[in-house]
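# Understanding the architecture of this molecule
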Amino acid sequence: KLIAIAVGILLAGAPMMALDLWIDGLMLRQGAYDTETFARRSISLAEGRLSGSLAALDLLASRDVDGCSPEQVELLRSTGLSLVWVKQIAVLGAAGQPLCSDLELPGRSPITVVAQRPVKDSKAVIEVVQLEGQPLRMVRLRLPVGFGLKSLSALLPADVLMARMFFQSPVSGAYGQLALLDGT
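In this report, the structure presented in the accompanying data block is examined. Everything numeric here is computed off the predicted structure, so don't read it as measured data.

For the structure on display, the rule yields three salt bridges. Residue Glu36 pairs with Arg40 through a salt bridge whose shortest N-O separation is 2.7 Å. On the criterion of helical spacing, the pair formed by Glu36 and Arg40 is a turn pair, its members being four residues apart in helix α1 (residues 2-62). Accessibility expressed as a relative area gives 41% for Glu36, which makes it partly exposed. Residues Glu127 and Arg140 are paired through a salt bridge, measuring 2.7 Å at the closest nitrogen-oxygen approach. With Glu127 in strand β4 (residues 125-131) and Arg140 in strand β5 (residues 137-145), this pair connects stretches of sequence that are 13 residues apart. The pair formed by Glu127 and Arg140 is uniform in burial state, with each residue classed as buried. Salt bridges sharing partners connect three or more residues here, namely Glu127, Arg140 and Arg142.

Rules used in this analysis
Residues numbered from 1 in each chain as written. Predicted model: local features only at pLDDT ≥ 70, side-chain atom pairs only at ≥ 80, totals over all residues. Heavy atoms only, no water. Salt bridge = Lys/Arg side-chain N within 4 Å of Asp/Glu carboxyl O. Helix = DSSP H or I, 4+ residues; strand = E, 2+ residues; numbered from the N terminus. Buried < 20%, exposed > 50% of the residue type's maximum accessible area, 1.4 Å probe, protein only.

Function cannot be inferred from these measures alone, as they are strictly geometric.
The following block contains the structure:
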């Protein structure tokens, strides 16, 4: 009788174990697919928002915006309103300080450039910046204008360059990071 019970358990348990292994494999494949899809979506979102911001800076440069006349500030404002993910569009001086912008940020806190890279097929550079007194870093696109002493810039929060997989909650343990190749 004990042999019959053992054989019965094996015959009944083998399909259950096979089903469990198949479901585990299916979940691993689905998780890998979801992760790859999410990564592609994040890259596409970042490229779209950065290229849209760069196109806006190119348009301002083509309209000879390189100063702070009332007409030029109005062009900065109208461009800033068309890009909902951009926090500030500004004309920067040679040292990178804002001379004027579409809106004035409170206190004009100093900006520290953490990392800087040239943008492929453009005269622009992309910078990771830290605003004094702000905990999160931001991304800034800079496009030289005129004789290169001034530049146009678009300031974006880094989190608008990443897709969201789900709504954030205070108890969520999820974490994502956007980084340059060197880890910055």
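Still more to cover.
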